[in-house]
Amino acid sequence: MASNNYEKLGVFYLGKLYYLNEKKPGNELLLYKSKDLVTHAVCIGMTGSGKTGLCISLIEEAAIDGIPAILIDPKGDLTNLLLNFPKLRPQDFEPWINEDDARQKGLSNPEYAAQQAELWTNGLTEWGQSGERIQRMLDACDFEIFTPGSNAGTPVSILRSFAAPPKAVLEDRELLRDRINTAVSSLLSLTGVTVDPLQSREHILLATLFDIAWQAGQDLTLENLIQQVQNPPVTKIGVLDLEAFYPSKDRFGLVMALNNLLASPGFNAWLEGIPLEIGDLLFTLQGKPRTAIFSIAHLSDAERMFFVSLLLNQVLSWMRSQSGTTSLRTILYMDEIFGYLPPVSNPPSKLPLLTLLKQARAYGLGLVLATQNPVDLDYKALANAGTWFIGRLQTERDKNRLMDGLEGVNANQGHEFNRRQIEKILSSLGNRVFLMNNVHEARPVIFHTRWAMSYLRGPLTREQIRNLVEQRGAATAVTDSKPAPKLETAEGAAVVAISQAAKQPPALPPDLPNFFLPVRSAPLADGMLVYTPAILGIVQVGFSDARAKLNINEDVALLTPITDEALPVNWDYAEKVEIAVSELSKTPHPKLEARFTDLPAVAFQSKNHPLWGRNLINWIFANHTLELLHSPSLNQYALPGENERDFRIRLQQTARQHRDRAMDQLQKKFGPRINALNDRILRAQQSVDRQAEQARQRKTQTAISIGATLVGAVMGRKVISTTTLGRATTAARDLGRSSKAQQDVSLASQTLETVQKQLAQLEAQFEAEAATLKSNMDPQTETFETIQIKPKKTAIHVQVLALVWAPYWQNAQGGMTPAW
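On a predicted model such as this, the values are computed, not experimentally measured, just so you know.

## Looking at the sheet that holds strand S23 (residues 785-789)
Within a sheet, adjacent strands bond to each other through the backbone by hydrogen bonds, running parallel or antiparallel.
Then, in step 1: Taken in spatial order, the 3 strands make up an open sheet running S22-S21-S23, and their pairing is antiparallel. Edge positions in the open sheet fall to strand S22 (636-637) and S23, since each of these has one partner strand only.
Then, in step 2: Where strand S21 (residues 626-631) meets S22, 2 bridges bridge the pair, whose relative direction is antiparallel. Within S22, the position partnered with His630 by the bridge is Tyr637.

## Description of helix H11 (residues 248-263)
Then, in step 1: With 16 residues, H11 should reach 22 Å at 1.5 Å per residue; the first-to-last C-alpha distance of 21 Å fits that figure.
Then, in step 2: All of the buried residues along H11 are Arg251, Leu254, Val255, Leu258 and Leu261. All buried residues of H11 fall inside an arc of 120° around its axis, so they share one side. Those residues of H11 that are exposed and angled more than 90 degrees off the buried face are Lys249 and Ala263.
Then, in step 3: The elements touched by buried residues of H11 are helix H7 (173-190), helix H8 (201-215), helix H9 (222-230) and helix H10 (242-245).

## Some remarks on the pattern of salt bridges
Then, in step 1: Summed over all chains, the structure comprises 29 salt bridges.
Then, in step 2: One salt bridge connects Lys35 with Asp664, and the closest N-O pair in it is separated by 2.9 Å. Of this pair, Lys35 sits in the loop between strand S2 (24-33) and strand S3 (41-44) while Asp664 is found in helix H20 (residues 644-716), placing the two residues 629 residues apart along the sequence.
Then, in step 3: For Lys35, a relative accessible area of 28% corresponds to the partly exposed category.
Then, in step 4: Salt-bridge contacts for Glu554 lead to Lys576; the nearest nitrogen and oxygen are separated by 3.7 Å.

## A look at the pairing of S2
When a strand is regular, its side chains alternate between the sheet's two faces.
Then, in step 1: In the sheet, strand S1 (residues 11-19) pairs with S2 via 7 bridges, with the strands oriented antiparallel. Within S2, the position partnered with Tyr19 by the bridge is Lys24.
Then, in step 2: Taking the residues between adjacent antiparallel strands as the criterion, S1 and S2 are bridged by 4 residues, where Lys23 takes a positive phi near 55°.

## Things to note about unusual backbone geometry
Then, in step 1: Even without glycine at this site, Leu88 takes up a positive phi of about 55°.
Then, in step 2: Position of Leu88 among the secondary structure elements: in the loop between strand S4 (69-73) and helix H2 (90-93).
Then, in step 3: Given a relative accessible area of 15%, Leu88 falls into the buried group.

About the criteria used
Residues numbered from 1 in each chain as written. Predicted model: local features only at pLDDT ≥ 70, side-chain atom pairs only at ≥ 80, totals over all residues. Heavy atoms only, no water. Pairing = 2+ DSSP bridges. Helix = DSSP H or I, 4+ residues; strand = E, 2+ residues; numbered from the N terminus. Expected span 1.5 Å × (residues − 1). Buried < 20%, exposed > 50% of the residue type's maximum accessible area, 1.4 Å probe, protein only. Arc of directions from axis to C-beta. Contact = heavy atoms within 4.5 Å. Salt bridge = Lys/Arg side-chain N within 4 Å of Asp/Glu carboxyl O.

Here it is as C-alpha cells:
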C-alpha cells in the first residue's frame, strides 16, 4: 500500500528503498513486518557499513511497538540507546559528546554539542521523524543498562544462576542435559579450565553434582558446590568407584580453582544486584516493556563467555515457560557474535544459541545476530535465519560464504535466486545501504537505513554509564520474597508470660490430634523458640465461572488463635498462611530447645472441633471470594493468583496477536481494492500521457499545415487557388482535431484525479480502522474491571482442622517474630 505514513501497526520503519543506478534513496518506505522477525535475522557488514545503526533502529522500532528486548553488548555501542533527547537541545547532547572529536574540529564542547544537536535534528527531519517520536518511544518502553561483574550500571547477581531450573526443563531430559553442560562449561571457563565435556573428569563430576541437586529440586551455590567436590554425595561415577575415577587428592586442584574464584576480590561484584530472572528483566514492576542492555565490554573473554552462557540458559528456561505464539513476543539481540557461535569449535554459548535458533520461533522469541564476517557464524545458524541484512563486506571469501547461504535459504523456500545479480548488488553497496533478503517476501530489496533516533556517539565509558544510570534511576527487580506471616491475636486475649511457659507441651486426649508448624527462619542471636497454640484449617474451595471459563479448586490454609473469649475460635482473626499438609510434624523441632505457652481449656474438648469446622465453612462462604481482573477490550480474564503486572504483560502479547490477525483481515479487506485503484491510476496516468502526446503531435501538425498554407498563399501566388483552399480546409479540420485532443487530455486528467481521490479516501478509511484497532488494544493504559467469584457452599471442603503449635522467636526484650 503506497503511503508516506510509517506509523503502522506491526511494522518497523527501517528506511527507504534505494536505487543503485541513481545512487540515492527513493520515496518508497521500507516497512518490515515485526512478526517476520520471529524467524530470526542476521545482520552482516564490515566496520563503517552502518550495521550498528540499522540494528539500533530496529530495536527502537520494537520499543515503540512495546516489544521488550534483551541486548548483549560486547563492544559498548548499544548503550547509546539511552541517549535519547526528545527536545533535541544542545545542552542535552553536551554531557555525552566525544570531546576528542570536538578538539579535532577546533570547537569548544558547547559549540560541538550545538553542531551535533543540529545534525540530529536535520537528520531526523530528513527521514520524517522528530523529537515527538523519540518521546513516544520513551513512553512506550523502559531502557536500562545492566553491568554484570560491575556496579557501573545496574549490577546483576548470578546467585540464582545455579538454582534448580523450572519443572518444564527438569522434565525434558535433553534440555536438562544441555543446561547442565552449559552451566558447567561456563563455570570451568571462568576458572581458566578448558575441558572436553566427554573426556574431562572435572566436567563429568560437576555435571553429576548439578544433576543430583537439580533433580532433587535443590539450588546450588559456589560454596556448597566446593563442599560437594570435596565430599561428593556419590560413591560411583558410571561403573567406577569415585576414588578410582577422580581421587580426592586430584579433586583438591578443582576445589582450589573454585575456591580461588570465590575468594577473588572481584567476584563479589558477581553476587550483588538484581537476580538474573528474565521475566523480571523484560518488564518493569508496572508491566512496562523494557529494553535490557547487558554491557559486557568491561569483562575479560572468559568472564564474557561465562555470563553470556548463563544468560542464554536463563532465556531458554524462561522461553519454555511461555505459551506458543505466531506474533513477536521478545527480541534477543547480540551486537557481535564472533567467538560465540563459531563454525568449528563448541564454546559453552554455542549449544544454547543453536537451541534458541531452532526452537524460539514457536514461542515468539526472535533472535538478531550481528557480525562483521559471515565466516564467524556456524552454517546451521545461517540456515535458521529468515531475514538477512547484508551491508558492505570485506573480502571475496565473505561474499562467497554469504552467497552460498542465501542460495540455500532461497532454495528451501522455493524462491528463485539469481546469483550473478546478487553478487553485482553486494559489490555496489555503500555506507548505510543494505540488501534485505526476507524469506517472507518474493524477492530481495535494497534499502538505505533511516536516521537513528538515539544519539550514536560510540561506546560509553564506565563513568558515563554510571552517570547515565544514576540520572535515569536504577532498575528495581521483582523479588519472590514475602513478609513472614504474623498470627493476629484477639483483642483482649489473655497473654501468657513466656518466662513462665512450660518446656513441654501439655498432655492432650488421644482423640485430639495436634501438630507442629515447621521452623523456617534462622534463629535470633539472643532468641528463644516459643510455641503458641492455634487452630489450623486447610480448606479446598471450588470456583466456577462460565464467563472466565474457570473451574478450579483452591487450597486455603488459615491460622487463628485460641482465646478465652465467648467465641474462642473466631475465624475473623485468621491469617492466611502458606502451609502444606506434608509440612506438619508430630513433634517439635528436634534440635532446638523450646517453650510452650498455655493452652486454653476449651481446646482440650474434642467435641468443639467439629463446630469450629462448620464455622470455618460458613466463614469461607461469607468472606472468601476469588477476585479476577478483566480486560473489557480483549475480553480476557486474569488467571487465579495472577497480579496486575503479570496480567498486563500477558495481555500485551495477546493484544499483539489479536492486532496481527486483525491487520491481516484489514489487508485482505482493503488490499485488493487499493491494488485495483493503483492499477486504474497507472492506466489513467498512461492515458493522460498518451493523450497529451497525441495532442502535442496534432498541435504541431496543425501549426505546420496552417503555416504552410499561409506562406504558399502569400508568397507563392497572388490569388488563392483551389489547392490552397483545400489545404486551408484541411488545416482548419486539423485545428478542430487538436482542440478535441486537448479535451481528451483534460478528460483523462479528470479521470486520473478522480481515481486518485478514491484511493486517498480508501487509504484514509484503512488508516482510520487501523487507528481504532490500535486504540482499542492497549493493555498498558487500559483500566481493568475486577470481578468477584463466590464459591458454592457445596464446593467447600475442610481437608484439615487441627490444633497446631506455631513457632515464634522471642528476643531478649520480649518481642515475638514468627518462625514459620
